[in-house]
Structures are given as C-alpha cells and as structure tokens.
Amino acid sequence: MIEAHGLTKYYGLHLAITDVSFHIKEGEIVAFLGPNAAGKTTTMRILTGYMPPTFGTARVAGFDLADHSLEARRNIGYMPETTSLYTDMRVTQYLRFCGRLRHMGKAQLAERMEYVVERCGLSERANSIIATLSLGFRQRVGLAQAMLHDPPVLILDEPTVGLDPKQIIEVRNLIKGLAGDHTVMLSTHILPEAQMTCERVIIINRGQIVAEGSPEALTAQIREAETLLITVRDDNDIVARQLKDIPQVIGVRRAEQPGGYYVDTAVGTDLRAEIAEFIVGKGWGLLELQPVELSLEDVFLELTTEEKGVA
Amino acid sequence: MSNILTIAGRELRSYFTSPLAYALVVFFLGITALMFTLGFLLQPRAQTDDFRYLIESIVFLALMITPVLTMGLVAQERASGTLELLMTRPVRDWEVVIGKFLAAWGLFAGAVLLSLALPLILEIGGKVDWGMMLTGYLGLLLAGMAFIALGVFASSLTSNQIAAAIIAACLLLFFWLVGWMSYSVSQSLGDVLKHLSVRENYVDFGKGIIDTKSVIYFLSLTFVGLFLSIRNVENRRTI
C-alpha cells in the first residue's frame, strides 16, 4: 500500500534522508520510530505528496507520487506534526472545507462529519472556533480531518504529542481500531507507543533506516546474551570475580542498586538454578534473581545511540 | 473549478473574521468619498471631464491598499504551516493560487462597486457621463487585477507578512513610477518605460477609451504575477 524506493532528500546541501526504502502492506499498522530530526517528517512529507524527493520513488495505493500525485493524495489522510489549522474557522466549518476539497457529496460529508466528530471526541466542541481550542483538541481536529474522507491510507506524524494520558490511550485505541480496513503509518519517538499500537516498527536514525520488524523480532535480533539481575545482601569485592568463573557466564556488570549485578550468560542458556545454588553456597544472602527482558527501548538505544549512557 | 471556489470562499470568509477587510474597505470608500466630495460635490463648475483626475487618484488608492490586502495570502499559510496540509490534499498548486487571487480581487471589486454609489449621488444634481464613468471603473477593476496578482506574488516569496507587504509596495510603486523615468532617458528607452507604466496605461480608461494595448498590459501583468506565484508555491521549502 505504501512503497518507498531509495528515497533521498537534500535541503540545499543538507542531507535529510538517504536511501530510505520500505514496503507497508494493506491493513498494516506500522510505526516509524526515530529520535528527533531523524528524517521522519521529511519521509512523510514525501509520501503525502507535499514535496518531491531528490532521488527515489514512492507509491501510495498503487499511484506513483511523481506521476499521479493527485490520485495518490486522494487515497491519503494526513495529520502533520504541528497540527496547523485555520484558527479563525469553527471545527465544523473547517471539516466542511476539507470535505469540499475532497469532493465529498453533501449527504456523505454530513454522515462522515458526524462520525469523525464523535470518534475523535469533539462533540462538545464541534461549534467552537479553532483558536479557542486547547492543543489536545486541535490534535483531535487534525486527526478528524485526516479520517474524514475514510482514506485507505493514513499517515500520522506524531499523533499523540500534546495529549494528556487519558487522551493518548483514546487515540491509540482509535488507531488500533483502524487496523484491517486502513493502512496506517504513524511516526513517534515514544517507544511504548510503537510497541503498543503497531505490528511492525521501522527505525530510522540520521536519515537512514537502521532496523525493521516486529517489536519481538527486533529485540531478538539485537540480543547478544541472556541477562539475569541478581541482588546479594552481603556485597563484597570478590562477588563479581567469582560469579564470572561460573561456566557459560560471559560477563558481570554492576547494577544500579547496592549489591546488584547483571550477569550475562551465553544466548540460549538458563543458569538461574546454578547461580542461585552458587550464591547460597557462598552464603552471600541471595535477595533477588530475575531474567532481564530486552525492551524495544534498549533496541532503540542500541541502534540510535553512539555513546551509550548519554541518553 | 470547484476547488478554486472552495479556496476562494474560505479566504474571503477569513478576510471578514479579522478587522482587516473592514478597515481596508472603510479606508478605501472613505478616501474615495472625500475626494468625490471635494472634487465634484463642492465644485459648482466641475466638469465630467475632471472625472479622469479623480479616478486616477482612486487607482493610486487601490495601489496603496493592495499590499495589505494580499500580504497574508500565501505568507501566512507558510508561517502557520497550514500550507502543508493544504498541499497534501488533492488540489493543484495553481488552484490554490487562483483561489486566493480571486478572493482578494473579489473583495477589491466589492469595494469598487460600492463606490459606484458616489456617481449615483452626482446623478441627482447633475448629469453623469456613464460611458466614461463605467470605462473608468472597468479600468480600475483591471488595474486591481494586476496589482493583486503582483501582491500575491510578493506574498508567495516569504513567510513574513510584513516583508510581503513591503515587497508588494515596492513592486507596485515601481510600475507606477516607471513612466516618470522615461523623461530622463533616451527616446527609445523612454517609450519602453512608458509602456511599462501603470499610469500611462490607465490614462485612456479615465478618458472613456478602452485601448486593447492597455487591456493586454494589465492582463499580462496579472498573468506574470500569478505564474510566478504558482512557481513559488511549487517550491515547498519553508522560506
């Protein structure tokens, strides 16, 4: 449904994205994840037909964005990063304006307006002038205009920025509810959001795609060792050295809490029983022992951070 | 076509949600009425022929209000980011530019038509040469088209409204004053400059003459202004 082939964009001499390629299938919800200024918005602006790439091609809903830009744009609902709306209009006025530009019939427009106003939680503010709305409500108007014409493809740039926690959950559920009938590409720099709402994640950093796959696949891919977190009561200098001598233990690192250690063991091993027995045998007082799951956050940091510990 | 009307309609409505449109229309009508009163109503020996001096002043008045009328059209959308959302909808760049141009020109034409009340008042106490009067107004509407197209162009150059207004004012004053330069240069160059001048091209309308050359002049200025605006809107970089 969304295909990008070798997208490259220069702003003057500044290279914003390099050779960005990916494929999003019909009905998929995909997160476009990356730190700020990684090239997310640039890629989305190209995919929505706002600006052409310097090199590369893109197709949305089967239409090439260079040759059939209008047809491609008809199939897209876009919510830009900064929800810039005509602040002098009322919500319903604005949505009607959007519907007219989409050549929606009167009856269809009325029906869809009612639907998106309700789904986006705008009912009580439908007649307000947009300038008087809070940021959260403006975001919802942005989402409402993107969904208004029931487009097969939705491209949402940071859809939950500026919302309060309750609204964030509502919007995420709303997006999840779109799966199946709609192809959704949303950008975010919030990891749990990607993990919760999306089946697949594309990670972009410094203008290049660095990883792609389901959250589970990505964490497995980056995993170099099984890690256990242990805490002992009687911490002393020899604990780390002695733990390292256990067969199949690759490394031991100090954890944040007093007496805590991360024990890395070879991939595919489970040394919980052996280590517990060992510590009990030494009489150090085992307080805690648990496997550490790699989160998408770790993957993200691993892939996008050069200097560990800075972020 | 429906896209153009949708965009023009939104733009026109937006004019009236701020005090700007009211201020401009009141200013335009107020000064026009003042000039009419001083030049005709209070002059017992006024001739219909004097009308051309008056309408020339009205053209200059139109030139003065144009930068304020057009400054926000593209620049404001660039500054607030609404241009991005507009351009990702299935509308063509030229539809956006033409729509905005029509909104500004529509407002201008509305003000000009309202000012027709003044010659109607004149009709009560005297005789108005309507042929000449309406030709003058036709020229005014044509000149307004060219001014506004240049104003849209200035607005499409920047995301700063004040800068857009200043650029528009400079451009328009250039086309107003360029005729004066013709006296201080060689004959042949002077002729060229005269043909470029808004004033020189307007003079005949005030006398009640519709000169094809002048009509083409205003229409081509409009075309060039709009063409360059469309090129600028195609350039998506935030300026």
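Residues numbered from 1 in each chain as written. Chains lettered and ligands numbered in written order. Predicted model: local features only at pLDDT ≥ 70, side-chain atom pairs only at ≥ 80, totals over all residues. Heavy atoms only, no water.

### Things to note about the overall build of chain B
Phase 1 of the analysis: Each helix and strand in chain B was counted, giving twelve helices and zero strands.
Phase 2 of the analysis: Going from N to C terminus, chain B has its helices and strands arranged as α-α-α-α-α-α-α-α-α-α-α-α.
Phase 3 of the analysis: Relative to the globule expectation of 18 Å for 239 residues, the C-alpha radius of gyration of chain B, 19 Å, shows essentially globular dimensions.
Phase 4 of the analysis: Per-residue burial for chain B yields a buried fraction of 51% across its 239 residues.
Phase 5 of the analysis: For chain B, the proportion of contacts with a sequence separation of at least 24, taken over those separated by at least 6, is 74%.
Phase 6 of the analysis: When the accessible area of chain B is evaluated, it comes to approximately 10,600 Å², of which 69% is carbon and sulfur surface. (Helix = DSSP H or I, 4+ residues; strand = E, 2+ residues; numbered from the N terminus. Rg over C-alpha atoms; globule rule 2.2 N^0.38 Å. Buried < 20%, exposed > 50% of the residue type's maximum accessible area, 1.4 Å probe, protein only. Contact = heavy atoms within 4.5 Å. Areas by Shrake-Rupley, 256 points an atom, 1.4 Å probe, with all protein chains shown as cover.)

### Regarding the overall build of chain A
Phase 1 of the analysis: Secondary structure summary: chain A contains eleven helices and 14 strands in total.
Phase 2 of the analysis: Viewed in the frame of its principal axes, chain A has a C-alpha envelope of about 80 × 45 × 35 Å.
Phase 3 of the analysis: The burial tally for chain A puts 51% of its 311 residues in the buried class.
Phase 4 of the analysis: Partitioning the contacts of chain A with sequence separation of at least 6, the portion at a separation of at least 24 is 68%.

### Thoughts on the sheet that holds strand β3 (residues 29-33) of chain A
Residues and elements named next belong to chain A.
Phase 1 of the analysis: One open sheet accounts for six strands, arranged β6-β7-β8-β3-β9-β10; its pairing is mixed. Both outer strands of the open sheet, β6 (76-79) and β10 (208-213), are each paired with one neighbouring strand and no more. Strand-to-strand twist across the sheet, computed as the mean angle between neighbouring axes with direction ignored, equals 15 degrees.
Phase 2 of the analysis: Judged from the five bridges that link them, strand β7 (residues 153-157) and strand β8 (residues 183-188) form a sheet pairing that is parallel. Paired with Leu154 across the two strands is Val184, which belongs to β8.
Phase 3 of the analysis: On top of the sheet, helix α1 (residues 40-47) reaches β3, β6, β7, β8 and β9 (200-205); it is set at about 150 degrees to β8, its chief contact.
Phase 4 of the analysis: Contacting β6 and β7, helix α5 (residues 135-147) runs over the sheet at an angle of about 170 degrees to β6. (Pairing = 2+ DSSP bridges. Axes fitted to C-alpha atoms, helices over the stretch in contact; angles between N-to-C directions.)

### Here we look at the interface of chain A and chain B
Phase 1 of the analysis: With 26 residues of chain A at the contact, the number on the chain B side is 24 residues.
Phase 2 of the analysis: Summed over both partners, the interface of chain A with chain B buries about 2,600 Å², with 57% contributed by carbon and sulfur atoms.
Phase 3 of the analysis: The largest per-residue losses of area from chain A upon contact with chain B belong to Tyr50(A), Tyr86(A) and Leu101(A), which jointly make up 29% of the total buried on that side.
Phase 4 of the analysis: Linking chain A with chain B are two salt bridges, by the criterion used here.
Phase 5 of the analysis: For the interface between chain A and chain B, the tally reads 14 residue pairs in polar contact (both at pLDDT 80 or more). (Buried area = accessible area lost by both parts, 1.4 Å probe. Salt bridge = Lys/Arg side-chain N within 4 Å of Asp/Glu carboxyl O. Polar contact = N/O pair within 3.5 Å; in protein donor to acceptor, adjacent residues only side chain to side chain.)

### Regarding the nonpolar core
Phase 1 of the analysis: The biggest cluster of nonpolar side chains holds 138 residues, and the ones touching the most others in it are Ile2(A), Phe22(A), Tyr94(A), Leu156(A), Leu140(B) and Phe218(B).
Phase 2 of the analysis: Looking at which element gives the most residues to this core, the answer is helix α8 (residues 130-156) of chain B, with 14 residues.
Phase 3 of the analysis: Discounting residues that sit within four places of it in the chain, Leu140(B) has contacts with Ile58(B), Val59(B), Ala62(B), Phe108(B), Val112(B) and Tyr202(B). (Core = buried A, V, L, I, M, F, W, Y, C linked by side-chain atoms within 4.5 Å.)

### Quick word on a nonpolar patch on the surface
Residues and elements named next belong to chain B.
Phase 1 of the analysis: Taken together, the side chains of Leu34, Leu38, Leu41, Leu42, Ile121 and Ile124 present a nonpolar region at the surface, about 620 Å² in accessible area.
Phase 2 of the analysis: For the nonpolar patch, the elements supplying multiple residues, two or more each, are α2 (19-41) and α7 (117-125).
Phase 3 of the analysis: Relative to the elements of secondary structure, Ile121 occurs in helix α7.
Phase 4 of the analysis: Accessibility expressed as a relative area gives 43% for Ile121, which makes it partly exposed. (Patch = residues over 30% accessible without salt bridge, like charges linked within 9 Å, V, L, I, M, F, W, Y side chains within 5 Å.)

### With respect to the packing of aromatic side chains
Phase 1 of the analysis: Under the counting rule described, the total for this entry stands at twelve aromatic pairs over all chains.
Phase 2 of the analysis: Look at Tyr217(B) and Phe218(B): their rings are 5.1 Å apart centre to centre, the planes differ by 70 degrees, and that puts the pair in the edge-to-face class. This pair shows no difference in class: Tyr217(B) is buried, exactly as Phe218(B) is.
Phase 3 of the analysis: In textbook terms, an aromatic cluster arises when at least three aromatic residues are bridged by ring pairs, as seen for Tyr202(B), Phe205(B), Tyr217(B) and Phe218(B).
Phase 4 of the analysis: Over the aromatic face of Tyr86(A) sits the side chain of Arg10(B), whose NZ or CZ is 3.6 Å from the ring centroid.
Phase 5 of the analysis: Above the ring of Phe97(A), the side-chain terminus of Arg10(B) is found at 6.0 Å from the ring centroid. (Phe/Tyr/Trp six-rings, centres within 6.5 Å; stacked < 30°, edge-to-face > 60°. Lys NZ or Arg CZ within 6 Å of the ring centre and 35° of its normal.)

### Considering the pattern of salt bridges
Phase 1 of the analysis: In total, this model carries 18 salt bridges over all chains according to the counting rule given.
Phase 2 of the analysis: Glu212(A) is the salt-bridge partner of Arg200(A), the closest N and O atoms lying 2.6 Å from each other. Placement of the pair is Arg200(A) in strand β9 and Glu212(A) in strand β10, with a sequence separation of twelve residues.
Phase 3 of the analysis: Arg200(A) gets classed as buried once you look at its relative accessible area, which sits at 14%.
Phase 4 of the analysis: In this structure, Arg233(A) and Asp234(A) form a salt bridge, with 3.5 Å as the shortest nitrogen-oxygen distance.
Phase 5 of the analysis: Salt bridges here are not isolated pairs; linked through shared partners, they connect Asp88(A), Arg10(B), Glu11(B), Glu77(B) and Lys100(B).

### Considering the sheet that holds strand β11 (residues 226-232) of chain A
Residues and elements named next belong to chain A.
Phase 1 of the analysis: On the basis of which strands lie adjacent, the open sheet formed by four strands has the order β12-β13-β11-β14 and antiparallel pairing. Each of the sheet's edge strands pairs with one partner strand only, and the pair in question is β12 (249-254) and β14 (286-292). Averaged over all neighbouring strand pairs, the angle between strand axes comes to 20 degrees, with direction disregarded.
Phase 2 of the analysis: Sheet topology note: the β11/β14 ladder contains six bridges and is antiparallel. If you follow Leu228 over to β14, its bridge partner there is Pro291.

### Things to note about a positive patch on the surface
Phase 1 of the analysis: A cluster of basic residues, Arg96(A), Arg100(A), Lys106(A) and Arg13(B), forms a positive patch at the surface.
Phase 2 of the analysis: Residue position: Arg13(B) is located in helix α1 (residues 2-17).
Phase 3 of the analysis: Exposure remark for Arg13(B): the relative accessible area of 39% places this residue in the partly exposed category. (Lys, Arg positive; Asp, Glu negative; His and termini not counted. Charge placed at Lys NZ, Arg CZ, Asp CG, Glu CD.)

### Some words on the state of the cysteines
All names here are of chain A.
Phase 1 of the analysis: If you walk through the whole model with that rule in mind, you get zero disulfides over all chains.
Phase 2 of the analysis: Not part of a disulfide, Cys120 finds its nearest cysteine sulfur in Cys98, a span of 12 Å.
Phase 3 of the analysis: In this structure Cys198 is a free cysteine whose sulfur lies 17 Å from that of Cys120, the closest cysteine sulfur available. (Disulfide = S-S within 2.5 Å.)

### A look at unusual backbone geometry
Residues and elements named next belong to chain A.
Phase 1 of the analysis: Its identity is not glycine, yet His103 carries a phi of approximately 55 degrees, on the positive side.
Phase 2 of the analysis: Here His103 shows up in the loop between α3 (91-101) and α4 (106-119).
Phase 3 of the analysis: Residue classification places His103 among the partly exposed residues on the basis of a relative accessible area of 45%.
Phase 4 of the analysis: Positive phi, close to 50 degrees, is recorded for Arg206, a residue that is not glycine.
Phase 5 of the analysis: Of note, Arg206 is situated in the loop between β9 and β10.
Phase 6 of the analysis: A residue is classified by how much of its surface remains accessible, and Arg206, at 61% relative accessible area, is exposed.

So yeah, pure geometry; function would need other evidence.
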